[in-house]
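Below are the chains, spelled out letter by letter.
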Amino acid sequence: MTITAPVRAWYRPMRARRPDEEHRSATPLELFFDLCFVVAVAQAAAGLHHALAAGHLGHALVSYLTVFFAVWWAWMNFTWFASAYDTEDDVYRLTTLVQIAGALILAAGVPRAFAEADFATITVGYVVMRLAAVLNWLRAAAGDPERRSTTVSYAVGVTVVQVGWLLRLLLPHEGGLPVFLVLVLADLLVPVVAERRGMTTWHPHHIAERYQLFTLIVLGEVVLSTSMAIQGGVDAGNPGLWPLAVAGTVIVFALWWLYFDRPGPVPPTSLRGALFWGYGHYLIFAAIAAVGAGLAVAVDHVLHAAHVSGRVAGYATAVPVAGYLLTLWALHLPAKHGLGRVLFPAAALLVLVAPRLVAPLDVIAGVLLVLVAVTLLRRHRSRTRTA
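How each quantity is defined
- Numbers given to residues run from 1 along each chain, matching the order in which its sequence is written.
- Since the coordinates come from a predicted model, pLDDT governs what is reported: local features require at least 70, and pairs of side-chain atoms require 80 or more to be given and counted, while whole-chain, interface and lining totals use all residues.
- The side-chain figures draw on all heavy atoms in the structure; neither hydrogens nor water molecules are used.
- Within 6.5 Å between ring centres, the rings of Phe, Tyr and Trp (the latter by its six-membered ring) count as paired, and their orientation is classed by plane angle as stacked under 30 degrees, edge-to-face over 60, tilted in between.
- A helix here means a DSSP run of H or I that spans at least four residues, while a strand means a run of E at least two residues long, and both kinds are numbered starting from the N terminus.
- Any residue under 20% of the maximum accessible area for its type is buried, any over 50% is exposed, and the rest in between are partly exposed; the area is computed with a 1.4 Å probe on protein chains only.
- Any pair of nitrogen or oxygen atoms within 3.5 Å is treated as a polar contact; in protein, a donor-acceptor pairing is required on top of that, and neighbouring residues in sequence qualify only through side-chain atoms on both sides.
- In this description, contact between two residues means that some pair of their heavy atoms is separated by no more than 4.5 Å.
- For this analysis, a nonpolar core means a set of buried residues of the types Ala, Val, Leu, Ile, Met, Phe, Trp, Tyr and Cys, connected via side-chain atoms within 4.5 Å.
- As a rule, the C-alpha atoms of each element are fitted with a line to give its axis, helices using only the stretch in contact, and angles between N-to-C directions run from 0 to 180 degrees.
- Our angle categories are set so that under 35 degrees counts as roughly parallel, over 145 as roughly antiparallel, 65 to 115 as roughly perpendicular, and the remainder as oblique.
- Throughout, a crossing is termed right-handed when the near helix is turned clockwise from the far one, and left-handed when it is turned anticlockwise from it by less than a right angle.
- Ten residue types, Ala, Val, Leu, Ile, Met, Phe, Trp, Tyr, Cys and Pro, are classed as nonpolar, four, Asp, Glu, Lys and Arg, as charged, and the remainder, Gly among them, as polar.
- Take the residue count of a helix, subtract one, and multiply by 1.5 Å to get its expected span.
- In the sections that follow, a salt bridge refers to a side-chain nitrogen of Lys or Arg positioned within 4 Å of a carboxyl oxygen of Asp or Glu.
- The score called pLDDT rates the predictor's confidence residue by residue, from a low of 0 to a high of 100.
- Patches were defined on residues exceeding 30% relative accessible area and lacking a salt bridge, with like-charge contacts within 9 Å and nonpolar side-chain contacts (Val, Leu, Ile, Met, Phe, Trp, Tyr) within 5 Å.
- For the accessible areas, the method is Shrake-Rupley and the probe is 1.4 Å, while residue cover comes only from the protein chains on display.

(A) Quick peek at the packing of aromatic side chains. The final tally for this structure, using the stated rule, is 29 aromatic pairs. Ring geometry for Phe33 and Phe78: centres 3.8 Å apart, planes at 20 degrees, overall stacked. Taken together, the residues Phe33 in helix H1 (residues 28-53) and Phe78 in helix H2 (residues 57-85) connect sequence positions 45 residues apart. Note on accessibility: Phe33 and Phe78 belong to one class, buried. With centroids separated by 5.4 Å and ring planes inclined at 70 degrees, the aromatic side chains of Trp73 and Tyr279 adopt a geometry described as edge-to-face. Of this pair, Trp73 sits in helix H2 while Tyr279 sits in helix H9 (residues 271-302), and the two are 206 residues apart along the sequence. A residue is classified by how much of its surface remains accessible, and Trp73, at 1% relative accessible area, is buried. Here the aromatic cluster, defined as three or more aromatic residues joined through ring pairs, consists of Tyr64, Phe68, Phe69, Trp72, Trp73, Tyr126, Trp165, Phe180, Tyr279 and Tyr282.

Here's what the structure looks like:
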């Protein structure tokens, strides 16, 4: 008997998918989406690295968080929408490719944003991504009458905010940041308002897998950027980079271990819990990418190519690592029981103290290594008690 694969449709009604659908996993289109988006992540991390190494600390932080918000927010909205309404038809594929094209436009504008505070190209790329998403929400409104109020609210809200982003380009640079914060708040409120009219049928385990995959991709960017920076130092014949390479490797491995220590955390099914979990991962992703930039700054400092002190170079890694630990602690409930109530915050505090000590990256790596060991011991003991 010959089994033929189903023929892909050009267009099919965009009906809501079941949140309890079995064997739901990431599609090749979603994986391709992540792969293309990570280009923008890499550009943002590279811009942060160069701005920090040049000593432009305030500009580096503002530019990085601004750029990363655009990347993360577009990725997150596509991910949750796809979990509820992915039709796998050709029209859906085309609108997704338009969103990817917007991400590439955004990535192309990152260097200018860091160098000249010119966010025009980034804004255009962001608006392209978001308006393509509006088309999907309108399709969902037509195909899912039960949640039409929700999907129309998304379409209208996203469109209005995009008009605001375009109008922001007409403002002088001095007034850009306050308006940016207002528009960020408006963007964040769109799902809050829309989902109150009726929650979309996103799949909890599918969402968890998508977040895990993006975490892995961002960690991969850290490994790549760190490896390239150290390679440049090795080519220059500087043996002082080998301890840094070891510490950097331990740090990256520990970040991975702590996130994936238990089975993938699933977002809560309540609206408030899902929003907190989904929004909170902005800090997870941004912190991981920033760790790569911080490690690159540490390499520049060893090579005397950075215009910052050793303490500042240490903080370039310590701050994002501490932010990662605190966010992970806040999002993952198992970390907040028993000893976990103080374990992660205490580790974050020690990490922030490390730049004031000798060999700060070695200290950070040591703290993370101990944290991993303690979490392993706690997990083993809990299994022994329940056995």
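Still more ground to cover, so stick around.
(B) A look at the side chain of Thr317. Tracing the chain through its elements places Thr317 in helix H10 (residues 310-331). What makes Thr317 buried here is its relative accessible area of 0%. There is a polar contact of 3.3 Å between the side chain of Thr317 and the backbone oxygen of Gly294. Aside from chain neighbours lying at most four places away, what touches Thr317 is Ile251, Val291, Gly294, Leu295, Leu361 and Ile364.

(C) Examining the nonpolar core more closely. Formed by 120 residues in total, the largest nonpolar core has its most connected members in Leu106, Ile251 and Leu325. The element contributing the most residues to this core is H9, with 19 residues. Beyond its immediate chain neighbours, meaning those up to four positions away, Leu325 contacts Leu258, Phe344, Ala347, Ala348, Val351, Leu368 and Leu371.

(D) Representation of the packing of helix H3 (residues 90-116) against helix H4 (residues 120-143) in the model. Close contact between H3 and H4 brings their axes to 6 Å; oriented N to C, the two are set at 165 degrees. Between H3 and H4, the interaxial angle falls into the category roughly antiparallel. For H3 against H4, the interelement crossing comes out left-handed. Of the residues belonging to the contact of H3 with H4, the class tally is 16 nonpolar, seven polar and one charged.

(E) Structural context of H1. With 26 residues, H1 ought to run about 38 Å at 1.5 Å a step, and its terminal C-alpha atoms sit 37 Å apart, in line with that. One or two residues past the end of H1 sits Gly55, with phi positive at roughly 85 degrees.

(F) Focus on the pattern of salt bridges. Summed over all chains, the structure comprises eight salt bridges. The partner of Arg210 in a salt bridge is Asp34, and the shortest N-O contact between them spans 2.6 Å. On the criterion of sequence distance, the pair formed by Arg210 in helix H7 (residues 204-235) and Asp34 in helix H1 is long-range, its members being 176 residues apart. The pair Arg210 / Asp34 is uniform in exposure class, with both members buried. For Asp89, the salt bridge is made with Arg139, and the minimal N-O distance between the two is 2.6 Å. One end of the pair, Asp89, is in the loop between H2 and H3; the other, Arg139, is in helix H4, with 50 residues separating them in the sequence. In this structure Asp89 comes out as buried when scored by relative accessible area, which is 0%.

(G) Quick peek at the environment of Val110. Tracing the sequence through the fold places Val110 in helix H3. Taking relative accessible area as the criterion, Val110 reaches 1% and is therefore assigned buried. When the C-alpha atoms of Val110 and Ala42 are compared, they prove to be 9.8 Å apart, with 68 residues separating the residues in sequence. If we skip the residues at most four places from it in the chain, Val110 touches Gln43, Ala44, Val67 and Ile122.

(H) Fine view of the confidence of the model for the protein chain. The share of residues in the protein chain with pLDDT of 70 or more is 92%, and the mean pLDDT across the chain is 88. Mean pLDDT across the secondary structure elements of the protein chain bottoms out at H7, with 84, and peaks at helix H5 (residues 148-168), with 95. In the model, residues 1-6 has pLDDT below 50 throughout and makes zero contacts with residues more than four positions away in sequence or in other chains.

(I) Representation of the packing of H1 against H3 in the model. Two elements in contact, H1 and H3, have axes separated by 9 Å at closest approach and are oriented at 5 degrees. The angle between H1 and H3 places the two elements in the roughly parallel class. In the contact of H1 with H3, the residues fall into 20 nonpolar, four polar and one charged.

(J) The environment of Tyr324, seen in detail. With respect to the helices, strands and loops of the structure, Tyr324 is situated in helix H10. Between the C-alpha atoms of Tyr324 and His281, which are 43 residues apart in sequence, the distance is 9.5 Å. Aside from chain neighbours lying at most four places away, what touches Tyr324 is Leu255, Tyr259, Ile284, Ala287 and Ile288.

(K) Highlighting a nonpolar patch on the surface. Among the surface-exposed residues, Trp10, Tyr11, Phe32, Leu35, Leu94 and Leu97 lie close enough to one another that they form a single nonpolar patch of about 650 Å² accessible area. Elements represented by at least two residues in the nonpolar patch include exactly H1 and H3. In this structure, Tyr11 sits in the segment before H1.

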